[in-house]
Amino acid sequence: MPGVDLPEKVGQAMRHAGLGITVTSVTDVLVFLIGGTTVLPSLRSYSIFTGVGICFTYFLQITFFLAWFSIDQKRINDKR
């Protein structure tokens, strides 16, 4: 997309991919947290740990990764 500034490109990318990532992450978290209600201790621990891990991964993807991706794209655009 030549001629489009970086914030607009990032916004368009998040508009297209963000919904799919969000829906997938929310459903995964719900499934694992529901799995955390089981009576089996090891399965309960695994399910809760995985549900929380997916929440943290989602948060890091929409903040930290997106910020570094934008910085790297700016570097590429400046031909450095």
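Now for a look at the structure at hand. (Residues numbered from 1 in each chain as written. Predicted model: local features only at pLDDT ≥ 70, side-chain atom pairs only at ≥ 80, totals over all residues. Heavy atoms only, no water.)

### A look at the overall build of the protein
(1) Moving on: When helices and strands are counted, the protein shows 2 helices and 0 strands.
(2) Moving on: On C-alpha atoms alone, the protein measures out to a radius of gyration of 18 Å, which is more than a quarter above the 12 Å that the 2.2 N^0.38 rule sets for 80 residues.
(3) Moving on: Projecting the C-alpha coordinates of the protein onto the three principal axes gives extents of approximately 55 × 25 × 10 Å.
(4) Moving on: Per-residue burial over the protein gives 15% buried out of 80 residues.
(5) Moving on: When contacts within the protein are restricted to residue pairs at least 6 apart in sequence, long-range pairs at least 24 apart make up 44% of them.
(6) Moving on: In the form shown here, the protein has an accessible surface area of approximately 6200 Å², with 74% of it arising from carbon and sulfur atoms.
(7) Moving on: On the protein, the mean spot of the 7 positive side-chain charges and the mean spot of the 5 negative ones are 4 Å from each other. (Helix = DSSP H or I, 4+ residues; strand = E, 2+ residues; numbered from the N terminus. Rg over C-alpha atoms; globule rule 2.2 N^0.38 Å. Buried < 20%, exposed > 50% of the residue type's maximum accessible area, 1.4 Å probe, protein only. Contact = heavy atoms within 4.5 Å. Areas by Shrake-Rupley, 256 points an atom, 1.4 Å probe, with all protein chains shown as cover. Lys, Arg positive; Asp, Glu negative; His and termini not counted. Charge placed at Lys NZ, Arg CZ, Asp CG, Glu CD.)

### Concerning the packing of helix α1 (residues 6-35) against helix α2 (residues 41-77)
(1) Moving on: The N-to-C vectors of α1 and α2 enclose an angle of 175°; their axes lie 8 Å apart at closest approach. As summarised for this structure, α1 and α2 are arranged roughly antiparallel, according to the angle between their axes.
(2) Moving on: Across the contact of α1 with α2, the residue classes break down as 14 nonpolar, 8 polar and 3 charged. (Axes fitted to C-alpha atoms, helices over the stretch in contact; angles between N-to-C directions. Parallel < 35°, antiparallel > 145°, perpendicular 65-115°, else oblique. Nonpolar A, V, L, I, M, F, W, Y, C, P; charged D, E, K, R; others polar.)

### Some thoughts on the side chain of Ser25
(1) Moving on: Along the chain, Ser25 turns up in helix α1.
(2) Moving on: For Ser25, the residues in contact, after removing those within four places along its chain, are Ile54 and Tyr58.

### Observations concerning the packing of aromatic side chains
(1) Moving on: For the coordinates displayed, the defined rule picks out 3 aromatic pairs.
(2) Moving on: For the pair Phe65 and Phe69, a centre-to-centre distance of 6.1 Å together with 25° between the ring planes defines the contact as stacked. Of this pair, Phe65 and Phe69 both sit in helix α2, separated by 4 residues, roughly a single helical turn.
(3) Moving on: Phe69 sits in the partly exposed class, given a relative accessible area of 40%. (Phe/Tyr/Trp six-rings, centres within 6.5 Å; stacked < 30°, edge-to-face > 60°.)

### Overview of the pattern of salt bridges
(1) Moving on: Enumeration over the complete set of coordinates arrives at 4 salt bridges.
(2) Moving on: With a closest N to O distance of 3.6 Å, Glu8 and Arg15 form a salt bridge.
(3) Moving on: For Arg15, a relative accessible area of 55% corresponds to the exposed category.
(4) Moving on: Among the ionic pairs, Asp78 bridges to Arg80, the shortest N-O distance being 3.7 Å.
(5) Moving on: Shared partners join several salt bridges into a network, and the residues in it are Lys74, Asp78 and Arg80. (Salt bridge = Lys/Arg side-chain N within 4 Å of Asp/Glu carboxyl O.)

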